[in-house]
Each structure stands twice: as C-alpha cells, then as structure tokens.
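# Notes for the structure review
Okay, here's what each chain looks like letter by letter:
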Amino acid sequence: MTHIRVRIGALGLALMAGLAAPPALAAENPAAAPTVEEQRLDRAAPQEILTRSGFDTVAPEFARALDRTRSYAQAERLVERLGSRLWQRAVDRAQGRGPAGGDLSRDDDRPLYWARLGMTREVRQWQPEFGLSEARRAKLLAALERTSRGQDTIRYAHTKKIKRILVTGFDPFTLDRDVRISNPSGATALALDGTVIDTADGPARVETAVFPVRWQDFAEGTVERTLRPHLPHVDLFTTVSQGRVGRFDVERTNGAWRGGFPDNENASRTETVPVTDPASQPQWTTTTLPYKDIVAASTGRFPVYDNTSVTEIPAGGTEPVVRPEGPTAGSTARAGGGGNYLSNEIAYRATLLRDRLGLAGSLPGGHVHTPVLEFGAGNTDPASGTVTDAQFVRNRLDIIAQVRSILTVAADAAGDASGDTTADVTD
C-alpha cells in the first residue's frame, strides 16, 4: 500500500485526508483490531445476556461519553469513573440493590464480563481528534481493567473491631467450548463484595476483586499489584476459581508451572510461572487455610475435600509423576493440587507473596476450587440451549452460599488458632 500512496502525489493525499482519514486510520491501526475475547461479544448468547440484564447500554453510552472528551486527561478520568461504576453496578445488581434491568438472575456474573469487553473494544477502536499514542491507549485499557474488576476499591473500616477477609474470583473461560459459560467464583466475588460475615469472634468484612483468564496479565503482575497493599492488613484471604464437577477442593499445594492450556485470548504458555526474583522462587507453596476445619464442617450440599495431590518431576528424574500425598523433596513442579492453569497460578502467586512478605506463620490464606457450574439437564448443548435455566441458577446460588460458609468456618478457625480476633493495623 505504501508505494501506491507515494504515486498519488500531494493532491491525492490531500483528497484522501479530507475524505475518510479516521476510518482509514482505524482500519490500519493494529490497536483498533478487536481482541479474541472482544470478537466473541457479537455472538447471540453474549448479546442476549447483556439485553436481559440491562447491561446492553453500557458500551454505547461509554462510547458516546468518550467521543465528548477533548483531552487525554478527560478521557483518563472518564475511563476510571465509568470502569468503577460498572463494577459497582454489577455488585449492586448481584446484591439486590437497584433495578434488575431484565429477567436474568441477579446472581449472574456474565453481564459484567461482556459489558467490560464492550467497553475495552470501544477504547481499542477509538480515534480521538486530539490523537492517542499506543502507550496512552494501553494505559486507558489498563485503568479500565483495574477499575471494572474491583481491584482498586478494596477498602476496610479503620477499626480494630472488624476482621478483614479478602477474596478473589475469575472471569468466565473456555468460551469457545460454550460461550454461555458463567464462573461461580466471579459470581461469588460480586455477591460478597463489601458484605459482613458473622463469625464466632465478631463481624468480618469481605472485600473482593476479579481477575482475567489471561496468561499475559498474570506475567505483568496484576495479582501482586492488587494483593500486595492488603495482605499485611487482612486476617484471611482466599483465591477462588471453578474446579471439578460436584465438589469443592481446598488445594493444599500450588506449583510453579504453567501447563499451556489456552486462555481467553487462545494464547498458550508452557513455562515456569514468571515472577520477580526468580532465583529465590520455590517450586511449591502451601496453603495456610485451616483446611481440616473446613473439610470437617457442614458448609453446604457439595462435599469439600482436602486435595493433596500434585504432579512433579522427582529430584534426579526426567518424567512427571503424580504424587497423591504431595511433592517430594527437591522435585520440580508440573501441576499443583489445582492443576497448572491460572487457578493454580493465582494460588501460587498469592501464597508466594504471603511468604515473601513474611506472613506465612500468621496469615491464613490459600485457594478454594468450587464445583463446575452446570446447566440443567436438557440444556447442555451450546448450539441449541438457552443462556440460563432454573437448575443453573440454583447451582450458582448454592455455590455462592457455600463459599460464604467456608469463609465463616475459616475465619472462626483462624481466630481460635491465633487467639487474636482484631485487626491491628489500618490501610
């Protein structure tokens, strides 16, 4: 295309600039191309989810507001404000505040996911008159991701009388298998954010955030940036993700290995989990959640297991071996109890951060896998099924309730173990 433009000459260039410069720029600008995630947005199921929740207006209203900005500073403030508003709207909907916006169950996490993608696509394709460098576009996208996931609104009261619990969830994933998928860990984050749990030692406030299912975001430190300011000040934390069919698992051990399963961008990574200071990086980290108490308690209709199995390459060996009772000395990780996908990685990163902050002996924390969220019988075909059904909603509500019960048990047990029921510092 370059040699053709050179031959046109000055007059032709002037005419081209006057006719349709913004569309041409958008077409040729790599940043304007929708991502793999954003391309799924136009399928029928995501559009139905947005319409039946009232979130179908989010991206169009955001686009109009973007077009009214006259400087990068204005755009930055707008993105942060509307990103935070989207998160709060999703939390409010999940917790029964404000209008439902449609007939989709309030506990549904999917409107937030698809509405966010609509917003990021608008930022990616936006061509403001004042110009936008790719570095600044990336900064806007990062701000939108951070604010719309609750990552910068983790707040606890400045008091010693309320315990502090931090919980994380995930976006839906395996969407090319079934684009209707919901993630109960993300739904749990929305349902519990800012709520108070009554424990044997008094009230405990839960704060939550949601993370993307993308290898690159984790490599860039999104988990550590979000959790580092808060881990020294909380009484309990747990990362949560969707795991196995029909059961909860408290994952005993996390491994420093990425197994390569494609993420939401269909990107694959097979490597050691990339962290800062790799020279001091351990192959394994361990939960400090009170797993015995959690497993022994009656927390809901799904059984809860203390999962100790890992896959390792033994010291001196070359082939992976499954170890049902956990890793052996000097071994190299190939899968933690939670596998070698991003659920294992967030558990590994969070517990490694706990240890590097010197909190391993005092802070209960680890990973909980929820059951797979299943549609009802007769609604299992992605091609002909509906986006929701009564059993699907019941399963999600039961999982959310059981996570809440697990947190209560864990907080009670942690209080008994420490003998200290108060938070001693403030953020």
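Scroll up to find the structure.
Bear in mind the structure is a predicted one, so any value in this text is a computation, not a measurement. (Residues numbered from 1 in each chain as written. Predicted model: local features only at pLDDT ≥ 70, side-chain atom pairs only at ≥ 80, totals over all residues. Heavy atoms only, no water.)

### Here's the deal with the overall build of the chain
Helix and strand counts for the chain come out as 13 helices and 14 strands. Taken over the C-alpha trace, the chain has a radius of gyration of 23 Å; the compact-globule value for 427 residues is 22 Å, and the two agree within 12%. Within the chain, buried positions represent 52% of all 427 residues. A separation threshold of at least 6 residues defines the contact pool for the chain, and within that pool the share at least 24 residues apart is 77%. Placing the 50 positive and 53 negative side-chain charges of the chain at their respective mean positions leaves the two points 4 Å apart. (Helix = DSSP H or I, 4+ residues; strand = E, 2+ residues; numbered from the N terminus. Rg over C-alpha atoms; globule rule 2.2 N^0.38 Å. Buried < 20%, exposed > 50% of the residue type's maximum accessible area, 1.4 Å probe, protein only. Contact = heavy atoms within 4.5 Å. Lys, Arg positive; Asp, Glu negative; His and termini not counted. Charge placed at Lys NZ, Arg CZ, Asp CG, Glu CD.)

### Focus on the nonpolar core
Soluble globular proteins tend to pack their nonpolar side chains together in the buried interior. Core analysis: the largest hydrophobic core is formed by 40 residues, its most contacted members being Leu66, Trp114 and Leu140. Those elements that place two or more of their residues in this core are α3 (44-51), α4 (58-67), α5 (72-94), α6 (110-125), α7 (134-147) and α8 (184-192). For this core, the leading source of residues is α5, giving ten residues. Every residue in contact with Leu66, bar those within four places of it in the chain, is listed here: Ala75, Leu78, Val79, Glu122, Val123 and Trp126. (Core = buried A, V, L, I, M, F, W, Y, C linked by side-chain atoms within 4.5 Å.)

### With respect to the sheet that holds strand β11 (residues 310-313)
The three strands are arranged β12-β11-β13 in an open sheet whose pairing can be described as antiparallel. Both outer strands of the open sheet, β12 (321-323) and β13 (332-335), are each paired with one neighbouring strand and no more. Taking each pair of neighbouring strands and ignoring which way they run, the sheet shows an average axis angle of 45 degrees. Pairing between β11 and β13: three bridges, direction antiparallel. Pairing of Thr311 across the sheet is with Ala335, part of β13. (Pairing = 2+ DSSP bridges. Axes fitted to C-alpha atoms, helices over the stretch in contact; angles between N-to-C directions.)

### A word on the packing of α4 against α6
Where α4 meets α6, the closest approach of the two axes is 8 Å, and the angle between their N-to-C directions is 30 degrees. Judged by the inter-axis angle, α4 sits roughly parallel to α6. For α4 against α6, the interelement crossing comes out right-handed. Contacts between α4 and α6 involve Val58, Ala59, Phe62, Ala63 and Leu66 from the former and Ala115, Gly118, Met119, Glu122 and Val123 from the latter. (Parallel < 35°, antiparallel > 145°, perpendicular 65-115°, else oblique. Left-handed = near helix turned anticlockwise from the far one by under 90°.)

### A few points about the environment of Ser343
Here Ser343 shows up in helix α12 (residues 342-356). Among the residues examined, Ser343 registers a relative accessible area of 9% and is labelled buried. Put simply, Ser343 and Ser241 are 102 residues apart on the chain and 5.9 Å apart in space, counted from C-alpha to C-alpha. Leaving out residues up to four positions away in the same chain, Ser343 has contacts with Phe170, Ser241, Gly338, His367 and His369. Only 3.5 Å separates the side chain of Ser343 from the backbone oxygen of Gly338, close enough to count as a polar contact. (Polar contact = N/O pair within 3.5 Å; in protein donor to acceptor, adjacent residues only side chain to side chain.)

### Section: the packing of α3 against α6
Close contact between α3 and α6 brings their axes to 9 Å; oriented N to C, the two are set at 110 degrees. One element, α3, and the other, α6, form an angle in the roughly perpendicular class. Of the two possible hands of crossing, α3 and α6 adopt the one that is left-handed. Residue-level contacts link Pro46, Ile49 and Leu50 of α3 to Arg110, Pro111, Trp114 and Ala115 of α6.

### Some details on α7
Given a rise of 1.5 Å per residue, 14 residues ought to cover 20 Å, and the 20 Å separating the end C-alpha atoms of α7 matches this to within 8%. Among the residues making up α7, those that are buried are Arg137, Leu140, Leu141, Ala143, Leu144, Glu145 and Thr147. Those residues of α7 hidden inside the fold are in contact with α5 and α6. (Expected span 1.5 Å × (residues − 1).)

### Description of the layout of surface pockets
Considered as a void within the structure, the largest pocket measures approximately 810 Å³ in volume. Around the largest pocket, the lining is made up of 33 residues, and of these Ala142, Glu145, Arg214, Asp217 and Glu220 lie nearest the centre. Elements with a minimum of two residues in the lining of the largest pocket: α2 (36-39), α6, α7, α9 (215-219) and α10 (222-227). The biggest single contributor to the lining of the largest pocket is α7, with seven residues. Partitioned by chemical class, the residues of the lining of the largest pocket number eleven nonpolar, six polar and 16 charged. (1 Å grid on protein atoms, 1.4 Å probe; cavity = no way out; pocket = protein on both sides within 12 Å on 5 of 7 lines; lining within 4 Å. Points joined across faces, edges and corners; volume = space filled by probe spheres on them. Nonpolar A, V, L, I, M, F, W, Y, C, P; charged D, E, K, R; others polar.)

### Some words on the side chain of Arg349
Looking at the element boundaries, Arg349 is found in helix α12. There is a polar contact of 2.9 Å between the side chain of Arg349 and the side chain of Glu224. Beyond its immediate stretch of four places on either side in the chain, Arg349 contacts Phe218, Ala219, Val223, Glu224, Arg258, Val273, Pro274 and Val275.

### Points about the packing of aromatic side chains
Using the criterion set out here, one finds nine aromatic pairs in the structure. On the basis of an interplanar angle of 15 degrees and a centroid distance of 6.1 Å, the ring pair of Phe170 and Phe218 is categorised as stacked. Highlighted residues: Phe170 in strand β1 (residues 163-170) and Phe218 in helix α9, separated in sequence by 48 residues. The burial state of Phe170 is the same as that of Phe218; both residues are buried. Relative to Tyr341, the ring of Phe261 has its centre 5.2 Å away and its plane inclined at 85 degrees; by these criteria the two rings are edge-to-face. One end of the pair, Phe261, is in the loop between β7 (257-259) and β8 (270-272); the other, Tyr341, is in the loop between β13 and α12, with 80 residues separating them in the sequence. Residue classification places Tyr341 among the buried residues on the basis of a relative accessible area of 13%. (Phe/Tyr/Trp six-rings, centres within 6.5 Å; stacked < 30°, edge-to-face > 60°.)

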